[in-house]
Amino acid sequence: MNVCIIVSQWHKDITDALLEGAFTVFEKIEVDEFAMEVMNVPGSYELPLGAQLAINKYAPDAVICLGCIIRGETPHFNYISQAVAYGIMQLNLAHNIPVIFGVLTTDTIKQAKQRSGGKHGNKGADAAVTALEMMELRNKLK
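Rules used throughout
- Residues numbered from 1 in each chain as written.
- Predicted model: local features only at pLDDT ≥ 70, side-chain atom pairs only at ≥ 80, totals over all residues.
- Heavy atoms only, no water.
- Salt bridge = Lys/Arg side-chain N within 4 Å of Asp/Glu carboxyl O.
- Helix = DSSP H or I, 4+ residues; strand = E, 2+ residues; numbered from the N terminus.
- Buried < 20%, exposed > 50% of the residue type's maximum accessible area, 1.4 Å probe, protein only.
- Polar contact = N/O pair within 3.5 Å; in protein donor to acceptor, adjacent residues only side chain to side chain.
- Phe/Tyr/Trp six-rings, centres within 6.5 Å; stacked < 30°, edge-to-face > 60°.
- Lys NZ or Arg CZ within 6 Å of the ring centre and 35° of its normal.
- Pairing = 2+ DSSP bridges.

Participant: Break down the pattern of salt bridges for me, citing the residues and quoting the values.
Facilitator: Following the criterion strictly, the structure yields three salt bridges and no others. Here D107 ties to R71 by a salt bridge, and the two come within 2.7 Å at their closest N and O atoms. Separated by 36 residues along the polypeptide, D107 in the loop between β4 (99–106) and α4 (109–114) and R71 in the loop between β3 (62–70) and α3 (76–95) bring together distant segments of the chain. The class for D107 is partly exposed, based on a relative accessible area of 41%. We classify R71 as partly exposed; its relative accessible area is 39%. Its salt-bridge partner being D126, residue K123 comes within 3.4 Å of it at the nearest N-O pair. Of this pair, K123 and D126 both sit in helix α5 (residues 123–141), separated by three residues, roughly a single helical turn. Among the residues examined, D126 registers a relative accessible area of 38% and is labelled partly exposed.

Participant: How would you summarise the side chain of N122 if you had to cite specific residues and measurements?
Facilitator: Summarising the element assignment, N122 is placed in strand β6 (residues 121–122). Given the relative accessible area of 16%, N122 is considered buried. Polar side-chain contacts of N122 include one of 2.9 Å to the backbone oxygen of A17.

Participant: Outline the packing of aromatic side chains, supporting the account with residue identities and numerical values.
Facilitator: One pass over the structure, following the stated rule, counts zero aromatic pairs. The cationic tip of K57 hangs over the ring face of Y58; the distance from NZ or CZ to the ring centre is 5.6 Å.

Participant: Outline the pairing of strand β1 (residues 2–8), supporting the account with residue identities and numerical values.
Facilitator: For β1, the buried fraction is high: seven of the seven residues fall into the buried class. Neither face of β1 is open: one carries N2, C4, I6 and S8, the other V3, I5 and V7, and all of them are buried. Two strands pair when backbone bridges link them, and β1 and strand β2 (residues 35–41) are joined in this way by seven bridges, in the parallel orientation. Along β2, the bridge assignment pairs I5 with V38. Bridge count for β1 against β3 is five bridges, and the pairing is parallel. Following the sheet pairing, V7 is matched in β3 by L66.

Listed below in structure tokens is the structure:
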């Protein structure tokens, strides 16, 4: 099993916590042959290209994209969120492998912290679980 995790460096404290959440899930599974590549990109907008580059280089069984987009005072939030979601969805369909949307889209930094290890859990861990489930489904249907 080969998994690539692409991590946005914008809101690094949040995305580092998401990455840690994903690591905890993968540490719990016992797989004889398991490889994980972690790659950083500057921001969430760059996640789809980072994922595509990882797919082309490593041919992974799944890619997890971790990022954090926080609403500001301008429509920038909407453009970035929609572009990232669409880009990740397109990669799923184009490459026929799970490319997981682990991007927080919150109104405040407080909400992001609550979803990256706070009272609402860790969405990085949820993304890792989703990747495992989708890899299992893909293998079952091959």
